[in-house]
Structures are given as C-alpha cells and as structure tokens.
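# Examination of the molecular architecture
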Amino acid sequence: SNKLQTVSFLQKLQSHVTDAQPGKGALIDNDDKTFLDALGTPRSNEVVIHYQILHQIWKRGDREASRRAFVLTDTKAYLLDETYNGDGTNPTSEKEQMVKLGDVSLAIIDSAELSRVTEVRAANEDPRKITLVILPRSKYKRSHRWRLVCNDGEGAERLIDHVRKATGGNL
C-alpha cells in the first residue's frame, strides 16, 4: 500500500540521517496521529515538501537513466535509489528472492542542504528535464549537478516551484 511504502521510506530516511549525524536524528513533521504512530516517533521537526519518482541522467558517459526518488524537505534535498520489486526493472538475485513482490527499497544516493542548492532550472530542449546545481561541502571541490528527468512537464514545473519556494525564492 502507499501508506506502508511512505512509512518505510521515511523510516529509512530518518535512519540515514541518524547514522550520518549521531545524536541529532531527523524527525518528520506531520500532525496526523496515525502517520506519527506508524513512524514510531512522538515528535518531529522536518517537513517533507515534495516527493517524486523520476530518472537521473548524466551528461558524459554511456550510462542508462536510473530511476530515483527525489525528496525535498524544509532543510534538505535527497536523491534516492528506488527499487520496486516486481516491476521487471531489476534482475532477480538470490537476495531479491527473499523480498516480497511489491516491496520498495530506498538507498540515499546524495543529499544536500538547501543552502547549498544554488540553481534549479529546466532544460531548454525537453520540458521534463531539470538540473539542480549544488555547491560542494569543501571549497577545494567543484559544484555538482543532479540532472533529472520527470515523467511530464507538469511534474518538472512542480519540482522547480517547490525547490524555489523551499530555498526562499532565491533561485
């Protein structure tokens, strides 16, 4: 069900942040008691603004587009590897045979604080394509880009609008 998938996703997201920043943890804000009970968290402070399944592409190299989940909270943007068991996109391995049909697994590929997102723009050649430019954590590295392809132009516009609003409209 969608609720179980959402709860599973948010629990994994919280776990990753807790592992990355011991002692802090990420709590997700939602007033729905059923939702909070399912998460097993009594209080929260991070708000999920946008969630979208899309594809990531690369400018260089001979790589195929990879399915990703994009999550925007009030403080961060996350790019997650999304694997849905049973849709035929992933070959069946011994490990996957233990997973139930319809299960979703998510792994964080990259994340960035919204203060490090310097630009979000639509590509000229295809209205479904979006580029997010992210500053590096270190001044000795270059900024990097998430090149994303949404399912349609409307989804791309919503993603751009939500990122701009979350960053205070500074992009």
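Residues numbered from 1 in each chain as written. Predicted model: local features only at pLDDT ≥ 70, side-chain atom pairs only at ≥ 80, totals over all residues. Heavy atoms only, no water.

### Points about the pattern of salt bridges
The criterion, for reference: Only one rule defines a salt bridge in this text: a Lys or Arg side-chain nitrogen within 4 Å of an Asp or Glu carboxyl oxygen. Per the convention used, a helix needs a DSSP run of H or I reaching at least four residues, while a strand needs a run of E reaching at least two, with both numbered from the N terminus. Accessible area is worked out with a 1.4 Å probe on protein chains only. A residue is then buried under 20% of its type maximum, exposed over 50%, and partly exposed in between.
For the structure shown, the criterion picks out 5 salt bridges. The residue R68 makes a salt bridge to D81 at a minimum N-O spacing of 3.2 Å. One end of the pair, R68, is in strand β2 (residues 66-73); the other, D81, is in strand β3 (residues 76-84), with 13 residues separating them in the sequence. For D81, a relative accessible area of 27% puts it in the partly exposed group. Where R116 meets E113, a salt bridge forms, and the shortest distance between an N and an O atom there is 2.9 Å.

### Examining the pairing of strand β1 (residues 48-57)
The test is simple: Pairing between two strands requires that DSSP report at least two bridges joining them.
Where β1 lies against β2, 8 bridges are found, and the strand directions are antiparallel. Counterpart to H50 in the pairing with β2 is L72. In this structure, β1 lies alongside strand β7 (residues 144-149), joined through 3 bridges in antiparallel fashion. The partner of Q56 across the bridge, within β7, is L148.

### Notes on the confidence of the model for the chain
Selection criterion: One confidence number per residue, pLDDT, is output by the predictor and ranges from 0 to 100. The contact criterion used is simple: two residues touch if any of their non-hydrogen atoms lie within 4.5 Å.
Residue-level pLDDT values for the chain average 77, and 64% of them are 70 or greater. Low pLDDT (under 50) marks residues 29-36, which in the prediction has 13 contacts with non-local residues, meaning those over four places away or in another chain.

### Points about the sheet that holds strand β4 (residues 104-113)
As a general point, the strands of a sheet are linked pairwise by backbone hydrogen bonds and lie either parallel or antiparallel. For clarity, the threshold we go by: To define axes, lines are fitted to C-alpha atoms, for helices over the stretch in contact only, and angles between the resulting N-to-C directions are given on a 0 to 180 degree scale.
If you trace the 7 strands from one edge of the open sheet to the other, you get β4-β3-β2-β1-β7-β6-β5, paired in antiparallel fashion. Each having just a single partner strand, β4 and β5 (117-122) make up the two edges of the open sheet. If you compare each strand with its neighbour and ignore which way they point, the axes differ by 35° on average. Two strands pair when backbone bridges link them, and β2 and β3 are joined in this way by 5 bridges, in the antiparallel orientation. The partner of F70 across the bridge, within β3, is L79.

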